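Chain and residue survey
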Amino acid sequence: MGTEKEDKHDGDVKGYVTIYDFGGEKVFYNTHHCFMSSNMVFVLVFDVAMCLDPSRAKDGYERIEFWLRNIATYAIDRAAPGKGTPPVILVGSHLDIVSKNKEEQKRMFASVLEKLYEKPELREIMATHVQEMFPIADLNDSTKNQDTYERVWKKIISIAPLQSQWMKPVPARWVALEYELVRLKNEGRIILTYADLLEINSKSAVPLAEDDVMGFIMTLRFSGSFLCFDLHSKSPFIVLQPQWIINAFKAIITAPKFTSDLSTKQSLQWTEYEKSGVLSHDFIRQLWDRPAKYRFLDEEDRLYIIMETLGLLTKPISVDAEVDYFIVPSILQPADPEVISPVLADPDTVTTVTLCVKFDNPFIPQAVWDKMIASCIHRFQRLKELGDDGLKFIRRGFACLSVDFLWKMIINCSDNAMKVTMFKTDTDHSVPTGTGIKLLSILTFLLQRILKLNHQSHLAYQIYLHNDFRFTAAEQMVKVDDLRQTAHLRCYGLKRREWIDKNDLYIWFKNPDEKKKRALKRHVGKTKKLPDRKLSFKEIGRVTRYIGSTYQTFFAELDCPVAIVEQEMEEHRHLAFRSRITKIFIHLLKTKADTGFLAIANAMSRHGMDPSLLVNILDSNRNVLFIDETLPDKWLKRNLSVNDVPIIADHVDIKSYFNLFLELGFAPKKVDEFDDQYKNNRTREKITALLVAFIKETNPRPTVNSILLAMQECDMDTESLIGTLKPS
C-alpha cells in the first residue's frame, strides 16, 4: 500500500502514481476513508469462484456491492460527458478454479456481471463508473498474465483524466517541493515535520514564502499521496507513508487470526477491550510495541493526533483530569437503542421531537457514523444515570450524552440516516422554542467536517422530524421543508401514528416570525451584583472554571462560530482544558468585543449553570492574601527575585501556564509572543523566561503571595511550592 511508481511513456512528462492496496476484511473498512477520494482510479478485484460457490456466493456478492456503493459515494459531477468520476475497473480473479477452459471462464465471468446488473442501483453505478472489466486466471502466476496486466495498466492510463484533480493547475514551484517529498518517501522517511519542510524549502532554487508553504500543505492533504495533520497548530506535520498509519491501526483493531501472538494477560486485556471498546494508554503502548520494526512508540504523540483526527479512536472529554484511555468506535458492541428506554420511561423525563438527517444516497459507509460518534464522545460528556459510568450508553453508531447541565441527547445512526433526540429529567415538562438549535448547528458542523475529511462533502442530505429515536422498517418521517408549509403532518413509527406540529419545528429551527433575540435580562437576585461591562483578561481565565463540559453549547449561545471553537481546541491541544476554553473566549472577544458579564450570565443560565457564580471572579471579591495560618505575613509579602524563578518554574503546571500568566497580569498577546519566541524550546524553558519577565517588569515588585494566589486560582500545587520556597 502507498507504493510510488514513476511512469514514463512516449516522451511525455514523467509523473508519480501512488498505488494503494486496501485490505478486504471488514475490520479494516474504517481505514479506507483516510485515503479514498474522487482523485483515484479504482481497480476492484473480486473472486469469481467465490461468487459461483453456493456456500460463499452471498458473501462474495456483498463484498462487490459494498465496494461499488462505497466508491460511488465519491462520485462528483466533474468528468467527460457521460462518464463518471471516479473511474472503476473490475477484475474477476480465480477463474482457473472455475474452469480450465478459457471460453468457459469468460462465460462464468459474464454470469457474475449479469447478476450484479440485476440490482438497479448497482446497474447505475456500473454504467456510470465502471470503464472496463477484465477476467483473469492464475492470479498468483505473473508469467501467465503479462498481457492482461499490460492491458489493465494501459486502461488505467487512458481513464486517468476522469479523476477529479486531473490537469488541475498548481503553482510550478510546488512541483519541486512535492518532488522532494516523493524522494524522501521512497527513501523510507515516515514523517516530515513543519520545521523539516521549511528547511527543505529554504534550500530550493526558488524558495516559497512561508504563507505559500502553508498553502502547499493545505492543498497537499487532498492529493491522496500524503496525509497532513495538526494544520491549525504551529507545528503541522506530513505523513509520507500512509501505510504506516494502517499498520498502527491494525495493531489495535484487527481480525482474530492476527492476535495469536498476544501473551495470556494481553489476550485477557484484548477480550475486555473488545467488549467495551475502551483502550487504555498502557495497553495501546503494548500493542504498538509488538511490531517493533515499525517503531510506533517513537511517534506515539503524533499517532494519537493522527488517529483522533481521522476518527479512528477518540479520547472522551475531560475537564478536571487527563483521561488515560481512548474509545475505539469501530470496535464498540452493536447498538441496542432500548438500553435508554428505562431512563425515558421515568415520569419526569420529557423528550423533544426527533430530528433526522437523511442522506440522498441510500448507502453511507458505517465509517462515517463511527467518526460522528467519535466526534461527539470527544465533545460531550457521557450520560451518567444511577451511578452508571455511561459506557453502556455508548455503542457502535449509538450514544447517549449530556448536552449541558439540563439536557441530554440520544444519537442513533443507521444506514444513511442519523436521528437525534434531546431529553431532560425535570419537574418542568416544557420544551422551550429553540432548545435544539445550538446543538443542531454543532452536529451539522461536525458531520460536514467528517465528510470533508473523507472527501465526501458533495453528499447531500435532507432533514426530517419523527416521533421516535429508533429506526423501523415501515417508518414515515416528516420532511422539514414540507412542515414549513402546513400546520401539522402525520408520521409513523414504533409509536404508531402521531402528528408532528409546526411548533415542533421551532424546537430545532429558528422561527422566522419570532422577534430578534430578546434583550439580555438581569436575573434578579442572582446577577444584580454583576457589573455591566466586559471581562478583564484575568476574569476571562477565572470564568472558565464554571464552563466545564458544556462549552460547546455555551459558546454557541454566545454566537461564537463552531469553527472557532474547534480550531482553538485543536490548536492548543497541548494545554489544559481550562486554558483551551480561555483561548476560545479571547478569540471570541476579538470579534464580539461587547460580550460582557450579562451576556455570559444569560448563556450560563440558558444551559443550567448558576450565573451568580460570576460574582466570585471579580477582583473586588478576591482574597488579597493567601490563606494559610502556618505562613507568616512577612514571608508572604517577601519580594520575589530571579533567584526564585527555577524553583517556581519547576512547580508550574506546564499545561496551565497560559492561565497562570493571565492571572499574574500578562496580556494574552504577551504570552503568545513568548510562545513564538520559544516554540522550539521545552515548555519549562518558556515558563522560566515568562517568570523572569514577570518579576523584572512588574512594579511594584511581585511577592510570594502574588504567585501563590495565582497558582491557587489555576489549581496548581501550592503546598509543594511553599515547602520548597519556605526557609527551614
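Here's a quick rundown of the structure. (Residues numbered from 1 in each chain as written. Predicted model: local features only at pLDDT ≥ 70, side-chain atom pairs only at ≥ 80, totals over all residues. Heavy atoms only, no water.)

1. Digging into the sheet that holds strand β7 (residues 227-229)
- Overall, antiparallel pairing links the 3 strands, which are arranged β6-β8-β7 in an open sheet. Taken across any chain shown, the strands that pair with only one partner, and hence form the sheet edges, are β6 (191-193) and β7. With direction set aside, neighbouring strand axes in the sheet form an average angle of 20°.
- As judged from the 3 bridges shared by β6 and strand β8 (residues 237-239), these two strands associate in the antiparallel manner. Residue pairing for β8: I191 is matched across the bridge by V239.
- The sheet strands contacting helix α9 (residues 194-202) are β6 and β8, and the helix crosses β6 at an angle near 75°. (Pairing = 2+ DSSP bridges. Helix = DSSP H or I, 4+ residues; strand = E, 2+ residues; numbered from the N terminus. Axes fitted to C-alpha atoms, helices over the stretch in contact; angles between N-to-C directions. Contact = heavy atoms within 4.5 Å.)

2. Quick look at unusual backbone geometry
- Residue P86 is reached from T85 by a cis peptide bond, and omega for that bond is 5°.
- With respect to the secondary-structure elements, P86 resides in the loop between α3 (57-72) and β4 (88-93).
- Positive phi is not limited to glycine here, since R295 has a value of about 50°.
- Along the chain, the position of R295 falls in the loop between α13 (281-289) and α14 (300-309).
- If you check the backbone angles, H455 has positive phi at about 60° while not being a glycine.
- Considering the arrangement of structural elements, one finds H455 in the loop between α17 (437-453) and β18 (461-466).

3. Notes on the sheet that holds strand β5 (residues 130-135)
- An order of β3-β4-β5 is seen for the 3 strands of this open sheet, with the pairing classed as parallel. The open sheet has two edge strands, β3 (42-47) and β5, and neither has a second partner. Within the sheet, the average angular offset between the axes of one strand and its neighbour, ignoring direction, is 20°.
- Alignment of β3 against β4, held across 6 bridges, turns out to be parallel. In the strand pairing of β4, F46 is matched with G92.
- Together, β3, β4 and β5 form the strand contacts of α3, whose direction differs from that of β3 by roughly 170°.

4. A look at the nonpolar core
- The biggest cluster of nonpolar side chains holds 70 residues, and the ones touching the most others in it are Y551, F554, F555, F585 and F661.
- Within the second largest apolar cluster, 67 residues are counted, among which are Y20, V112, L313 and I331. (Core = buried A, V, L, I, M, F, W, Y, C linked by side-chain atoms within 4.5 Å. Buried < 20%, exposed > 50% of the residue type's maximum accessible area, 1.4 Å probe, protein only.)

5. Comments concerning a nonpolar patch on the surface
- Taken together, the side chains of V43, V45 and L139 make up a nonpolar region of the molecular surface, amounting to roughly 210 Å² of accessible area.
- Within the fold, V43 resides in strand β3.
- A relative accessible area of 37% means that V43 is categorised as partly exposed. (Patch = residues over 30% accessible without salt bridge, like charges linked within 9 Å, V, L, I, M, F, W, Y side chains within 5 Å. Areas by Shrake-Rupley, 256 points an atom, 1.4 Å probe, with all protein chains shown as cover. Salt bridge = Lys/Arg side-chain N within 4 Å of Asp/Glu carboxyl O.)

6. Overview of the environment of V41
- Its location among the elements puts V41 in the loop between α1 (29-32) and β3.
- Residues V41 and D619, spaced 578 residues apart in sequence, show a C-alpha to C-alpha distance of 63 Å.
- Residues within four places of V41 in sequence aside, it is in contact with P87, I156, I159, A160 and Q163.

7. Describing helix α24 (residues 597-606)
- The buried fraction of α24 is high, at 8 of 10 residues.
- Of the positions making up α24, those classed as buried are F597, L598, A599, I600, A601, N602, A603 and M604.
- On its buried face, α24 sits against α20 (537-543), α21 (551-557) and α23 (577-591).

8. Observations concerning the environment of E62
- On the secondary structure map, E62 appears in helix α3.
- Judged by relative accessible area, which is 35%, E62 ranks as partly exposed.
- Residues E62 and T264, 202 residues apart in the sequence, show an inter-C-alpha distance of 36 Å.

9. A short note on the pattern of salt bridges
- Scanning the model with the defined rule gives 41 salt bridges in all.
- K119 serves as the salt-bridge partner of E65, at 2.8 Å between the closest nitrogen and oxygen. Here K119 lies in the loop between α5 (102-117) and α6 (120-129) and E65 lies in helix α3, a separation of 54 residues in the sequence.
- Using a relative accessible area of 37% as the deciding quantity, one classes K119 as partly exposed.
- For E539, the salt bridge goes to R533, with nearest N and O atoms at 2.9 Å.
- With relative accessibility at 37%, the residue R533 sits in the partly exposed group.
- Through salt bridges with shared partners, a single network forms among R545, R578, R622, E713 and D715.

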